[in-house]
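Here is how the chains run, residue by residue.
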Amino acid sequence: MAMGRQGDRQGDLMVTWSEMPRSPGHVFYDRLQQVLVGAGFDGFVEDACRADYARTMGAPSVPPGRYFRMHMVGYFEGIDSERGIEWRCSDSLSLREFLRLETTDRVPDHSWMSKTRGRLPHEVHERVFGWVLALIAERGLVRGERIGVDASTLEANAALRAIVRHDTGEGYRAMLQRMAEESGIATPTAEDLIRLDRKRRGKRLSNEEWVSRTDPEARIARMKDGTTHLAYKPEHAVDLDTGAVVAAEVHAADEGDTTTIIGTLDAAQRNLTSVGAAPSSADPVECVADKGYHARALLKDLDGGPWRARIAEPQRRGVSRWHGDEEARRAVYNNRGRLRSEVGKQAMRQRAELVERSFAHILDRGGLRRTWLRGRENVHKRYLIHVAGHNLGLLMRLLIGAGTPKEAVARGWCLLVLLPTHDGGADKAILMVLATHSDMPDLILFRMSFDRKPG
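Residues numbered from 1 in each chain as written. Predicted model: local features only at pLDDT ≥ 70, side-chain atom pairs only at ≥ 80, totals over all residues. Heavy atoms only, no water.

A. The arrangement of the nonpolar core in detail. Ranked by size, the top nonpolar core spans 109 residues in total, and within it Phe68, Trp307 and Tyr383 carry the most contacts. For this core, the element with the most residues is helix α14 (residues 376-400), which contributes eleven residues. The contact partners of Phe68, leaving out residues within four places of it in the chain, are Phe41, Val45, Cys49, Leu120, Val124, His125, Val128 and Ile385. (Core = buried A, V, L, I, M, F, W, Y, C linked by side-chain atoms within 4.5 Å. Buried < 20%, exposed > 50% of the residue type's maximum accessible area, 1.4 Å probe, protein only. Helix = DSSP H or I, 4+ residues; strand = E, 2+ residues; numbered from the N terminus. Contact = heavy atoms within 4.5 Å.)

B. Layout of the pattern of salt bridges. All chains considered together, the criterion is met by 19 salt bridges. Glu82 is the salt-bridge partner of Arg117, the closest N and O atoms lying 2.3 Å from each other. Taken together, the residues Arg117 in helix α6 (residues 110-119) and Glu82 in helix α4 (residues 82-91) connect sequence positions 35 residues apart. Each member of the pair, Arg117 together with Glu82, is buried. Between Arg330 and Asp303 there is a salt bridge, and its shortest N-O distance comes to 3.9 Å. One end of the pair, Arg330, is in helix α12 (residues 326-340); the other, Asp303, is in the loop between α11 (296-302) and β9 (307-311), with 27 residues separating them in the sequence. (Salt bridge = Lys/Arg side-chain N within 4 Å of Asp/Glu carboxyl O.)

C. Up close: helix α13 (residues 342-365). Taking 1.5 Å of rise per residue, the 24 residues of α13 would be expected to cover 34 Å, and the 33 Å separating its terminal C-alpha atoms lies within 8% of that figure. For α13, the full list of buried residues reads Gly344, Ala347, Met348, Arg351, Leu354, Val355, Ser358, Phe359, Ile362 and Leu363. Positive phi appears at Gly367, one or two residues downstream of α13, with a value of about 80°. (Expected span 1.5 Å × (residues − 1).)

D. Representation of a negative patch on the surface. On the surface, Glu123, Glu126, Glu217 and Glu377 cluster together into a patch of negative charge. Structurally, Glu126 can be placed in helix α7 (residues 122-137). Judged by its relative accessible area of 31%, Glu126 falls in the partly exposed class. (Patch = residues over 30% accessible without salt bridge, like charges linked within 9 Å, V, L, I, M, F, W, Y side chains within 5 Å. Areas by Shrake-Rupley, 256 points an atom, 1.4 Å probe, with all protein chains shown as cover. Lys, Arg positive; Asp, Glu negative; His and termini not counted. Charge placed at Lys NZ, Arg CZ, Asp CG, Glu CD.)

E. Up close: the packing of α12 against α13. Packing of α12 against α13 leaves a shortest axis separation of 4 Å and a crossing angle of 80°. Regarding the angle of α12 to α13, the classification is roughly perpendicular. Together, Arg338, Leu339 and Arg340 of α12 and Glu342, Gly344, Lys345 and Met348 of α13 make up the contact between the two elements. Here the residues of the contact of α12 with α13 sort into two nonpolar, one polar and four charged. (Axes fitted to C-alpha atoms, helices over the stretch in contact; angles between N-to-C directions. Parallel < 35°, antiparallel > 145°, perpendicular 65-115°, else oblique. Nonpolar A, V, L, I, M, F, W, Y, C, P; charged D, E, K, R; others polar.)

F. Structural detail: the environment of Leu368. You can see Leu368 is positioned in the loop between α13 and α14. When its relative accessible area of 4% is taken as the criterion, Leu368 is described as buried. Those residues within four positions of Leu368 in sequence are excluded, and the remaining contacts are Leu154, Ile362, Leu363, Arg382, Tyr383 and His386.

G. Quick look at the pairing of strand β5 (residues 219-222). Of the strand pairs in this sheet, β5 and strand β6 (residues 228-239) are connected by four bridges, and their pairing is antiparallel. By the bridge assignment, Ile220 is partnered in β6 with Leu230. Two successive antiparallel strands, β5 and β6, enclose a turn made up of five residues, where Gly226 displays a positive phi of approximately 95°. (Pairing = 2+ DSSP bridges.)

H. Looking closely at the packing of aromatic side chains. Tallied over the entire structure, the rule returns ten aromatic pairs. Ring centres of Tyr29 and Phe98 lie 5.2 Å apart, and the angle between their planes is 50°; this geometry places the pair in the tilted category. A residue pair is termed long-range when its members are at least 10 positions apart, and Tyr29 in helix α1 (residues 27-38) and Phe98 in helix α5 (residues 93-98) qualify at 69 residues. Relative to Phe76, the ring of Tyr75 has its centre 5.2 Å away and its plane inclined at 65°; by these criteria the two rings are edge-to-face. (Phe/Tyr/Trp six-rings, centres within 6.5 Å; stacked < 30°, edge-to-face > 60°.)

I. Summary view of the packing of helix α8 (residues 172-182) against helix α9 (residues 190-199). Viewed as axis vectors pointing N to C, α8 and α9 meet at an angle of 90°, and their least axial separation amounts to 10 Å. In terms of their interaxial angle, α8 and α9 are classed as roughly perpendicular. Mapping the contact onto sequence places Tyr172, Arg173, Leu176, Gln177, Met179 and Ala180 in α8 and Ala190, Leu193, Leu196 and Asp197 in α9. Across the contact of α8 with α9, the residue classes break down as seven nonpolar, one polar and two charged.

As structure tokens, then:
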């Protein structure tokens, strides 16, 4: 065989359809496409977004279903930025098929994603999240009997060095320079400012005194790894029987758990009602949370309502004094009795496993531990579609046994086949390695023939 040589590349003037490159398909995205198209996803989002587009003015926009699919790709591929999502979709023929692009269509760029997110209201993103929740509820993935609640941290797209004081508007570095000049340093260097900042008394960063100039809604908070950043606080309500996230709220990072849980439970109640699993006072749903949510006022509010509290109680020294508040006493003792039962202990174990797993999938593996957007509502829009991708992953795991594209490729089996043969009086053997994964047919990956030794 003669060797081919690479010459200068010249663009073709005309290419037929049969000569265009096409993807053999990805088993995960092909199956997910069947689910979305079969359930009428594109028609649903177009009806939901129709009021936010002009009827006759201007050229037709990119279909909104493509916008939501690209954000789902961000979750499945673990991409945090919209520029990265655009590059990944442009680089993959299988993702072009998933976005339902024509042969000559270009992948929408990141600026189009930003403009579309700004055009579509928050309610549309909530409706898409609810549509996915109803889709997985039809497959039995939402039971609504035990709901676990927990919160994490999400780093904002703002730096601490850009914060300013509420009262004077003075920046942090300008404050250090002023303090250095007052201490006798005429022209302080960067090392002098760092040394002064490290040694000064009463050093603290308070959200009452400081605010970010680039993202005023971000709050100074301590992250899960112990560092301090401007951040937001995502909070999940997770079905402890299936792992589905029934509510995903984004709160201010400086709000306490006992304050934000009410809003998260209200969102969970609305979503459960939409899928036919509404909690009620006659048939309450268990609310399982850790000791950070334990408070007398909260337990009083939940007692006798649609939520039956199983909230871990922190260890306290001394005797509790109720000062005549019998409702709080009854609520705390009822919660303590439910915690000590075997059902309560099992529910706490399930909460520690499934709720923390949802944060690991969405924030860490899903690439959303740090956001590149600004504004709490803006961040929440993308976060809802990210969590919708997580719920679709649960459905895919039920259908094909894999919840992510990488897992779908990695799953499978490998079989070693040794076939003895007899060729021309000599004993030989053929070794073949067969492998398969998901819905793909068997593939012969390796074949070798060798002589067998007597005996």
